[in-house]
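Understanding the architecture of this molecule
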Amino acid sequence: MSDPIFGRVLTAMVTPMSPDGEVDLDRAAELATRLVDVQGNDSLLVNGTTGESPTTTDEEKSALVRAVRQAVGDRAQVIAGVGTNDTRHTVALARQAEQAGADGLLVVTPYYSKPSQDGLVGHFTTVADATDLPVMLYDIPGRTGTAIAPETFIRLAEHPRIVAVKDAKGKVVESAQVMAATDLSYYSGDDAITPALLSLGAVGVIGTSTHFTGRSMHQLVDHYLAGRREEGLAVYRQILPVLTGVFAAQGVVMVKAGLAHQGFGVGGVRAPLVPATRSQAETFAAVLDAAGL
């Protein structure tokens, strides 16, 4: 089985911040290197929600893509989150990401405004037409307020540059229906549900816990795709407390606390987010230690 275009294991990378709250590009480059060379990620997603995209400027987003691109070279692909609830702004971010060196685009469902399914088709198609980069659709209705219907996925799959899905919907039957009807590469967008989606035809994971579990998650994915279910399940059960513990608060909050515990501080978070409480940080640190990470 050949690898999908973006590989098997990707991390939605946090954005390091300096003590004064500015984006720390040098630390971002170091984190990207760590995720690829130590954690074994095939691709990195920058400027996603875990990267605090709601509170970074367009200029900061472009600079992050360039910094990560330079840091990882040809050892990994760089996927840029460009989704907004404004089609024109999303197109502008897509073109900016292409110019900055991104290998692909992650486009989330427009949030809050709740467009119709026809509106979603128009939005995603317009963005896919705006650059030459492959596009991954991000379905996470718990945050956006709008789900991408299976029929809509099937329509969008006809576009030559819409090639993949980050699936955080939590409706595995719908996911199975789309995987059966299209050639879209499905990635689990919810760390803990990864084995279920793999068993239905998913190709990998875009994780948050993979800041810590990248190599273990790669083992899990490789086992499942090779038919070694018991071996994959053993890996899954070992890291399951990390897969769930990283969401004890916002994922970025817990990742930054966990990295600090490991001696790789990446700064704080921008308001309205707040850092992990002492109890949250200590609990997650214990989970990481117990998993041998």
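Residues numbered from 1 in each chain as written. Predicted model: local features only at pLDDT ≥ 70, side-chain atom pairs only at ≥ 80, totals over all residues. Heavy atoms only, no water.

**Re helix α10 (residues 229–245)**
Taking 1.5 Å per residue, 17 residues should reach 24 Å; α10 reaches 24 Å between its end C-alpha atoms and fits that length. Most pronounced at I239, the bend in α10 amounts to some 55°, and the proline P241 follows within four residues. In this fold, the buried residues of α10 make contact with α8 (194–200), α9 (210–225), α11 (251–261) and α12 (278–290). (Helix = DSSP H or I, 4+ residues; strand = E, 2+ residues; numbered from the N terminus. Expected span 1.5 Å × (residues − 1). Bend = angle between axes of the 7 residues up to and from the residue. Contact = heavy atoms within 4.5 Å.)

**Observations concerning the packing of helix α1 (residues 25–37) against α9**
The contact between α1 and α9 brings their axes to 9 Å, and the two run at 20°. Judged by the angle between their axes, α1 and α9 are roughly parallel. Handedness of the α1/α9 crossing: right-handed. Of the residues in α9, those touching α1 at L31, L35, V36 and D37 are T210, H211 and R215. Along the lines of polarity and charge, the residues of the contact of α1 with α9 split into three nonpolar, two polar and two charged. (Axes fitted to C-alpha atoms, helices over the stretch in contact; angles between N-to-C directions. Parallel < 35°, antiparallel > 145°, perpendicular 65-115°, else oblique. Left-handed = near helix turned anticlockwise from the far one by under 90°. Nonpolar A, V, L, I, M, F, W, Y, C, P; charged D, E, K, R; others polar.)

**Observations regarding the pattern of salt bridges**
Within the structure shown, the criterion is met by eleven salt bridges. Ionic pairing is found between D37 and R75, a salt bridge with its closest N-O pair at 3.0 Å. With D37 in helix α1 and R75 in the loop between α2 (58–72) and β3 (77–81), this pair connects stretches of sequence that are 38 residues apart. Exposure remark for R75: the relative accessible area of 41% places this residue in the partly exposed category. Among the salt bridges present, the one from E174 reaches K169, with a minimum N-O distance of 3.0 Å. When its relative accessible area of 15% is taken as the criterion, K169 is described as buried. Residues participating in the shared-partner salt-bridge network are D139, K169 and E174. (Salt bridge = Lys/Arg side-chain N within 4 Å of Asp/Glu carboxyl O. Buried < 20%, exposed > 50% of the residue type's maximum accessible area, 1.4 Å probe, protein only.)

**Regarding the UniProt feature "site: Part of a proton relay during catalysis" (unreviewed entry) in the protein**
Taking the numbering used here, the UniProt-annotated feature "site: Part of a proton relay during catalysis" (unreviewed entry) corresponds to T49 and Y112. Restricting the annotated residues just mentioned to those that line the largest pocket leaves T49. Non-local contacts of T49, meaning those with residues more than four positions away in its chain, are made with P54 and R143. Counting through the fold element by element, Y112 comes out in the loop between β4 (104–108) and α4 (117–130). A residue is classified by how much of its surface remains accessible, and Y112, at 75% relative accessible area, is exposed. Setting aside residues up to four positions removed in sequence, Y112 forms contacts with N85 and T144. (UniProt positions renumbered as here; feature names shortened; annotations may be inferred. 1 Å grid on protein atoms, 1.4 Å probe; cavity = no way out; pocket = protein on both sides within 12 Å on 5 of 7 lines; lining within 4 Å.)

**Here we look at the UniProt feature "binding site: pyruvate" (unreviewed entry) in the protein**
Within this structure's numbering, the places UniProt gives as "binding site: pyruvate" (unreviewed entry) are T50 and I206. In sequence the annotated residues extend across 157 residues, while in space they remain close, none of their C-alpha pairs exceeding 11.2 Å. Lining residues of the largest pocket drawn from the annotated list: T50 and I206. The topology assignment puts T50 in the loop between β2 (43–46) and α2. Residue classification places T50 among the buried residues on the basis of a relative accessible area of 15%. Beyond its immediate chain neighbours, meaning those up to four positions away, T50 contacts A12, M13, V14, T15, T208 and V252. Relative to the helices and strands, I206 resides in strand β8 (residues 204–207). With near-sequence residues (within four places) excluded, I206 lies in contact with L10, A12, L45, M136, K166, Y187, S188, G189 and D191.

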